[in-house]
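Listed here are the chains, written in short residue letters.
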Amino acid sequence: MTNPKTGEMLHLRGNALSKGEPVALPLTQSSMYHLPGAPDGHPTYGRVDNPTWVHLEHVLAHLENAPCLTFPSGMGAISAALFATVKAGSRILTPADGYYVTRLLADRFLSNLGVSVTKRPTTAFDHGGFEGFDVVFLESPSNPGLDMMDLPAIASAVRAAGGITIADNTTMTPLGQRPLDMGIDVVVASDTKAMGGHSDLLMGHVASRDEKIMERVEEWRRVSGAIPGPHEAWLLHRGLETLDVRFDRMCSSAQVLAERLADHLAVKAIRYPGLRGDPSHALAKAQTTRFGFLLSVTLDSEEKAESFINTCPLLRPATSFGGVHSSAERRARWGDDVDPGFVRLSVGCEPVEELWQAFEASLDAL
Ligand code: PLP
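Residues numbered from 1 in each chain as written. Predicted model: local features only at pLDDT ≥ 70, side-chain atom pairs only at ≥ 80, totals over all residues. Heavy atoms only, no water.

A few words now on the overall build of the protein. Regarding its fold elements, the protein presents 12 helices and 12 strands. Whereas a compact globule of 366 residues would reach a radius of gyration of roughly 21 Å, the protein reaches 21 Å, a difference of no more than 12%. Projected onto its principal axes, the C-alpha coordinates of the protein cover approximately 75 × 55 × 35 Å. Across the 366 residues in the protein, those meeting the buried criterion constitute 51%. Between the mean site of the 33 positive side-chain charges and the mean site of the 44 negative ones, the protein shows a separation of 2 Å. (Helix = DSSP H or I, 4+ residues; strand = E, 2+ residues; numbered from the N terminus. Rg over C-alpha atoms; globule rule 2.2 N^0.38 Å. Buried < 20%, exposed > 50% of the residue type's maximum accessible area, 1.4 Å probe, protein only. Lys, Arg positive; Asp, Glu negative; His and termini not counted. Charge placed at Lys NZ, Arg CZ, Asp CG, Glu CD.)

Shown next as structure tokens:
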């Protein structure tokens, strides 16, 4: 697995500058472009073109090593990838236990348009059986269960059966896992999470080396109007400049905390792919460069879980993850099929010993 060169990424803009141009990316907040006569390849209109997105997409393409298109949210990117690849009569397969809004999109909208939707548990994808599916949607590690799939094996089995694969890589980012290098056709991601990293924007992207798919995704964006705002694009670009240091800190701290949490008496169960005994450990070692910043702990009861989340001074009780501030939530509150005491925890950029002291004190007090 080749890692993207994040040093080169930081200088992508600088190395193309002319004398006197700003080093930081300018924010172009305009719906109109000065356009006398024939457009001749110039920017035409704000729904079609924006120099701030264009540079952001250049940076994302460097990270993904593939052409990228940005969207106003992760769900905007997932919708674009699915609407660009299915038609009436298509059959899609999705995980039964991945991010629940992707399932809602399939159940509430795609199925009304004559797309047939089949669901399977994440861990059942490794058993094959992809014949007859046009699109196989994958999420590995899954949110919130952190189960993993054998991406290279699934990619080749789906291709042999005549379908395409779309993988949601939100939880790992392109620094932690590179699904396109494992044969996956399309990557989708919520950049609202670690990519932006500061919990101050929503965005998403689609990446693929398949030119025809990217043409359809671009057409979808232009025609549906699901475009990112220039200010969000600017913020995401700024966030990406520190992704490497944030991701490194978050994953290292998650490993330390997972090992200590595993030994705490208040913790009934723990999932973290970096723990040797974790069911995802072998796949994570084979497929990811880091074990990620998400972990889950199961406490004795809903009350204890709520008390831990709401009293720990270094944990924000919040949905979403991947920000500089550590955060946690009980996923059963959204109807995920998990224990009432199951807490998804996103490790942020706080110094790890400070975090551990806060976690330990809050768990000891339960
Ligand atoms: N995919 C995963 C794995 C997610 O966790 C989320 C959001 O939590 C999304 C997609 C959707 O992203 P957004 O909220 O940016 O639309």
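On we go.
Moving on, we come to the domain arrangement of the protein. Structurally, the protein comprises domain 1 (6-240) and domain 2 (244-364). Relative placement of domain 1 and domain 2: their C-alpha centres are 26 Å apart. Contact with domain 1, which involves 32 residues of that partner, is made by 31 residues of domain 2. On the domain 1 side of the contact with domain 2, P144, L146 and M148 bury the most area, a combined 25% of that side's loss. (Domains from an automatic or database assignment. Contact = heavy atoms within 4.5 Å. Buried area = accessible area lost by both parts, 1.4 Å probe.)

This part is about the site of the ligand. In the vicinity of the ligand lie 14 residues, with G74, D168, S190, T192 and K193 positioned nearest. Measuring from an oxygen atom of the ligand, one finds a side-chain N or O atom of S190 at 2.8 Å. Contact between the ligand and T192: an oxygen atom at 2.6 Å from a side-chain N or O atom of the residue. Across the shell around the ligand, the residue classes break down as five nonpolar, six polar and three charged. (Near = heavy atom within 4 Å. Polar contact = N/O pair within 3.5 Å; in protein donor to acceptor, adjacent residues only side chain to side chain. Nonpolar A, V, L, I, M, F, W, Y, C, P; charged D, E, K, R; others polar.)

Moving on to the packing of helix α3 (residues 74-83) against helix α4 (residues 100-110). Helix packing for two helices is described by the angle between their axes and how far apart those axes are. Contact geometry of α3 with α4 gives a least axis separation of 11 Å together with a crossing angle of 45 degrees. In this view, α3 runs oblique relative to α4, as classed from their interaxial angle. When the axes of α3 and α4 are compared, the crossing they make is right-handed. Contact with α3, carried on its side by M75, I78, S79, L82 and F83, involves V101, T102, L105 and L110 of α4 and no other residues of that element. (Axes fitted to C-alpha atoms, helices over the stretch in contact; angles between N-to-C directions. Parallel < 35°, antiparallel > 145°, perpendicular 65-115°, else oblique. Left-handed = near helix turned anticlockwise from the far one by under 90°.)

Once that is clear, we can look at the pattern of salt bridges. Throughout the structure, instances matching the rule amount to 19 salt bridges. Among the ionic pairs, D185 bridges to R159, the shortest N-O distance being 2.6 Å. Taken together, the residues D185 in the loop between α6 (173-176) and β6 (186-190) and R159 in helix α5 (residues 151-160) connect sequence positions 26 residues apart. Residue class for D185 comes out buried when judged on its relative accessible area of 13%. A single network of salt bridges, built from pairs that share partners, joins E329, R331, R333, D336 and R344. (Salt bridge = Lys/Arg side-chain N within 4 Å of Asp/Glu carboxyl O.)

What follows deals with the side chain of D147. Summarising the element assignment, D147 is placed in the loop between β4 (135-139) and α5. Since its relative accessible area comes to 16%, D147 is described here as buried. If we ignore the near neighbours within four places in the chain, the residues touching D147 are D97, T122, T123, E139, S140, P141, S142, R271 and S280.

With mixed pairing, five strands are arranged side by side in an open sheet as β8-β9-β12-β11-β10. Either end of the sheet is taken by a strand with one partner, and the two such strands are β8 (269-271) and β10 (316-317). Direction of pairing for strand β11 (residues 327-330) relative to strand β12 (residues 342-346): antiparallel, over a ladder of four bridges. In the strand pairing of β12, A328 is matched with L345. (Pairing = 2+ DSSP bridges.)

With mixed pairing, seven strands are arranged side by side in an open sheet as β1-β7-β6-β5-β4-β2-β3. The two strands at the open ends of the sheet, each matched to only one other strand, are β1 (68-71) and β3 (116-120). Averaged over all pairs of adjacent strands, the angle between their axes in this sheet comes to 20 degrees, without regard to strand direction. Note that β1 and strand β7 (residues 204-208) share four bridges and pair antiparallel. Across the sheet, the residue bridging to C68 is A207, located in β7. α4 contacts β2 (91-95), β3 and β4 of the sheet and is inclined by roughly 150 degrees relative to β3. Lying on the sheet, helix α7 (residues 211-224) is in contact with β1, β5 (164-168), β6 and β7; it crosses β1 at an angle near 25 degrees.

Right, let's get into the packing of aromatic side chains. A ring pair, where both rings are aromatic, is described by two values, the distance of the centres and the angle of the planes. In total, this model carries five aromatic pairs according to the counting rule given. Between F293 and F321, the ring centres sit 6.3 Å apart and the planes meet at 40 degrees, which makes this aromatic pair tilted. Here F293, found in the loop between α10 (281-287) and β9 (294-298), pairs with F321, found in the loop between β10 and β11; they are 28 residues apart in sequence, far enough to count as distant. Plain terms: the ring middles of F308 and F359 are 6.0 Å apart, the flat faces sit at 80 degrees to each other, and that makes the pair edge-to-face. Here F308 is found in helix α11 (residues 302-311), whereas its partner F359 is found in helix α12 (residues 352-364), with 51 residues between them in sequence. Accessibility expressed as a relative area gives 0% for F308, which makes it buried. The rings of F247, F293 and F321 are connected pair by pair, giving a single aromatic cluster. In this structure, R91 is placed above the aromatic ring of F133, and the distance from its NZ or CZ to the ring centre is 4.2 Å. Residue placement shows K193 over the ring face of F321; its charged tip is 5.0 Å from the ring centre. (Phe/Tyr/Trp six-rings, centres within 6.5 Å; stacked < 30°, edge-to-face > 60°. Lys NZ or Arg CZ within 6 Å of the ring centre and 35° of its normal.)

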